[in-house]
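As a plain string of letters, each chain reads:
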Amino acid sequence: LSSSSAASDVYKRQVLIKADLSTARYLEIKPIHKSQKKINKTDDFVWFQLTLVLNIELETKLMSLGNGCTVEEPIDLKSSIKKSLQKALSNYHD
C-alpha cells in the first residue's frame, strides 16, 4: 500500500444501511461503493455494510434513495442526514 492509501484507510468507517426490498434490488444492481456487502435479509428489509470514508457524496447518494433506505450506523452519519432532511423539509413550510 502507498502511504496515501494507508492514510485514507485511517478515515474509513463502517456504514450500516437498511433498505426496503425495492431499494435493495436497486442497490444490488448499482452498489453505492465497491465495499458494499449484503449482510442480512428478512421478508421486508435487506441490510448492507460499506466501509468507506464518509463524505458529502455519500450523504447525497443515501438521501437520493428517499424513504427506501435508513442509515443505522454510524450515528454521526445518521444524525447528519437527519439534520439535512429536516432543513430541506423546513423549506416547504407554508
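Just so it is clear, the model here is predicted, and its values are computed rather than measured. (Residues numbered from 1 in each chain as written. Predicted model: local features only at pLDDT ≥ 70, side-chain atom pairs only at ≥ 80, totals over all residues. Heavy atoms only, no water.)

Caption draft 1: Structural detail: the packing of aromatic side chains. Applying the stated rule across the entire model yields one aromatic pair. The ring of Phe45 carries the charged tip of Lys18 above its face, separated from the ring centre by 4.4 Å. (Phe/Tyr/Trp six-rings, centres within 6.5 Å; stacked < 30°, edge-to-face > 60°. Lys NZ or Arg CZ within 6 Å of the ring centre and 35° of its normal.)

Caption draft 2: Up close: the pairing of strand β2 (residues 37–41). Sheet topology places β2 next to strand β3 (residues 45–53); four bridges connect them, and they run antiparallel. Counted as the bridge partner of Lys37 is Gln49 from β3. (Pairing = 2+ DSSP bridges. Helix = DSSP H or I, 4+ residues; strand = E, 2+ residues; numbered from the N terminus.)

Caption draft 3: Quick look at the sheet that holds strand β4 (residues 69–73). Taken in spatial order, the four strands of this open sheet run β2-β3-β1-β4, and their pairing is antiparallel. Unpaired on one side and paired on the other, β2 and β4 mark the two borders of the sheet. Across this sheet, the average inter-strand angle for adjacent strands is 30 degrees, counted without regard to direction. With nine bridges connecting them, strand β1 (residues 12–20) and β3 associate as antiparallel partners. Considered in β3, the bridge of Ile17 is made with Phe48. Its contacts with the sheet place helix α2 (residues 21–29) against β1, β2, β3 and β4, and it is angled at close to 130 degrees to β1. (Axes fitted to C-alpha atoms, helices over the stretch in contact; angles between N-to-C directions. Contact = heavy atoms within 4.5 Å.)

Caption draft 4: Seen up close, the nonpolar core. With 17 residues, the main nonpolar core has Ile17, Ile32 and Leu62 as its most contacted residues. Per element, the largest residue contribution to this core is four residues, and it comes from β3. When neighbours within four sequence positions are excluded, Ile17 is seen to be in contact with Leu27, Ile32, Val46, Trp47, Phe48, Leu50, Leu62, Thr70, Val71 and Glu72. (Core = buried A, V, L, I, M, F, W, Y, C linked by side-chain atoms within 4.5 Å. Buried < 20%, exposed > 50% of the residue type's maximum accessible area, 1.4 Å probe, protein only.)

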